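Remarks on the overall topology
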Amino acid sequence: MTDTLPDRLASNPDSPFYNEELLAKGIGIRFNGAEKTNVDEYCVSEGWVRVTAGNAKDRFGNPMTIKLKGKVEPYLKTQE
């Protein structure tokens, strides 16, 4: 596998953009130059991330998310 990451990736198993193998390797996200650890989904071409909003849950028990727009830079975390 090459070091290129997909344009869109989600950590929710119900999403069509979920990729368990890739998530197991460790993906990091830089959003507008800042490291984000609470990213649920991202899209590089459209320039947005979806982050969890604290401990809030929707009526189905899923975490509430907020969509933020800006520069998205995904990268593979190194195993050291």
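With an unreviewed UniProt entry as reference, the protein is termed DUF3297 family protein, source organism Microvirga arabica.

1. Details of the layout of surface pockets
Size it by volume and the largest pocket reaches roughly 180 Å³. Along its surface, the largest pocket is lined by 16 residues, and Leu 23, Ile 27, Gly 28, Ile 29 and Val 39 are the ones closest to its centre. Taken together, the elements giving at least two residues each to the lining of the largest pocket come down to strand E1 (8-10), strand E2 (27-31), strand E3 (34-36) and strand E4 (39-43). Per element, the largest residue contribution to the lining of the largest pocket is four residues, and it comes from E4.

2. A short note on the sheet that holds E4
Ordered by their spatial adjacency, four strands build an open sheet running E1-E4-E5-E6, and the pairing between neighbours is antiparallel. In this open sheet, the two strands that pair with only one neighbour each are E1 and strand E6 (63-69). Mean inter-strand twist for the sheet, computed between neighbouring axes without regard to direction, equals 20°. Note: E4 against strand E5 (residues 48-57), four bridges, orientation antiparallel. Paired with Tyr 42 across the strands is Val 49, a residue of E5.

Calculation criteria
Residues numbered from 1 in each chain as written. Predicted model: local features only at pLDDT ≥ 70, side-chain atom pairs only at ≥ 80, totals over all residues. Heavy atoms only, no water. 1 Å grid on protein atoms, 1.4 Å probe; cavity = no way out; pocket = protein on both sides within 12 Å on 5 of 7 lines; lining within 4 Å. Points joined across faces, edges and corners; volume = space filled by probe spheres on them. Helix = DSSP H or I, 4+ residues; strand = E, 2+ residues; numbered from the N terminus. Pairing = 2+ DSSP bridges. Axes fitted to C-alpha atoms, helices over the stretch in contact; angles between N-to-C directions.

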